Amino acid sequence: MAKILIVDDEDVLVELLSALVEDMGHEPLRALNGREALAVLAHQPAALSLVITDTMMPQMDGKALIQALKNDPQFAHIPIIMTSAAGQPKGELLADLFVHKPFDLDDLATIIERYVNGYSDSHGSA
């Protein structure tokens, strides 16, 4: 069972993705923004397998969260999937993969399994 952090300011989407992750046999961790995500991780002694984060959120957006994770040796190796309805952010993509909203849940489940099982297509877009 993998631990997967889901970060999005839309609580309905967090619950939907949490249900998907649970149905896949994994444990979801939930946060509504980047600051909350970092607080959740501070209380998680077990290894995290994947982060799925929205781009635009209040208090701390997805780009700032990704930078914080990449700058922390404890989390720098964890694959990150960034999502947004607004399109892929300009400049360097810090996440391992960008997924445009709305996304197909079956496609996302396949992507999650690839990352949880160690395969990644570094710095791509789905």
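About the criteria used
Residues numbered from 1 in each chain as written. Predicted model: local features only at pLDDT ≥ 70, side-chain atom pairs only at ≥ 80, totals over all residues. Heavy atoms only, no water. Salt bridge = Lys/Arg side-chain N within 4 Å of Asp/Glu carboxyl O. Helix = DSSP H or I, 4+ residues; strand = E, 2+ residues; numbered from the N terminus. Buried < 20%, exposed > 50% of the residue type's maximum accessible area, 1.4 Å probe, protein only. Core = buried A, V, L, I, M, F, W, Y, C linked by side-chain atoms within 4.5 Å. Contact = heavy atoms within 4.5 Å. pLDDT = per-residue confidence, 0-100. Expected span 1.5 Å × (residues − 1). Arc of directions from axis to C-beta.

The subject of this paragraph is the pattern of salt bridges. Pairing between side chains of opposite charge can happen when their charged atoms approach one another. The full count for this structure, using the stated rule, is six salt bridges. A salt bridge links Lys 101 to Asp 54, with the nearest nitrogen and oxygen atoms 3.3 Å apart. Linking Lys 101 in the loop between strand S5 (97–100) and helix H4 (105–116) with Asp 54 in strand S3 (residues 50–54), this pair joins segments that are 47 residues apart in sequence. This pair shows no difference in class: Lys 101 is buried, exactly as Asp 54 is. By sharing partners, the salt bridges in this structure join Asp 8, Asp 54 and Lys 101 into a single network.

A word on the nonpolar core. Counting residues in hydrophobic clusters, the biggest one holds 20 residues, and the most contacted among them are Leu 5, Val 7, Leu 48, Val 51 and Leu 69. Of all the secondary structure elements, the ones that give two or more residues to this core are strand S1 (3–7), strand S2 (27–31), helix H2 (34–42), helix H3 (62–70) and strand S4 (80–84). Other than its neighbours up to four places away in sequence, Leu 48 contacts Lys 3, Ile 4, Leu 5, Leu 29, Leu 41 and Ile 78. Counting residues in hydrophobic clusters, the runner-up holds 18 residues, among them Val 14, Val 21, Leu 97 and Ile 111.

We now examine the confidence of the model for the protein. On average, residues of the protein score 90 in pLDDT, and 90% of them are at 70 or above. Within the protein, no element has a lower average pLDDT than strand S6 (residues 124–125), which sits at 52, and none a higher one than helix H1 (residues 11–23), at 98.

A word on H1. Helix length check: H1 (13 residues) gives 18 Å between terminal C-alpha atoms against 18 Å at 1.5 Å per residue, within 8%. Residues Leu 13, Val 14, Leu 17, Ser 18, Leu 20 and Val 21 constitute the buried set of H1. Within H1, the buried residues cover an arc of 160 degrees as seen down the axis, which keeps them to one side. Turned more than 90 degrees from where H1 packs its buried face, Val 12 and Asp 23 sit exposed. Against the buried residues of H1 lie S1, S2, S3 and H4.

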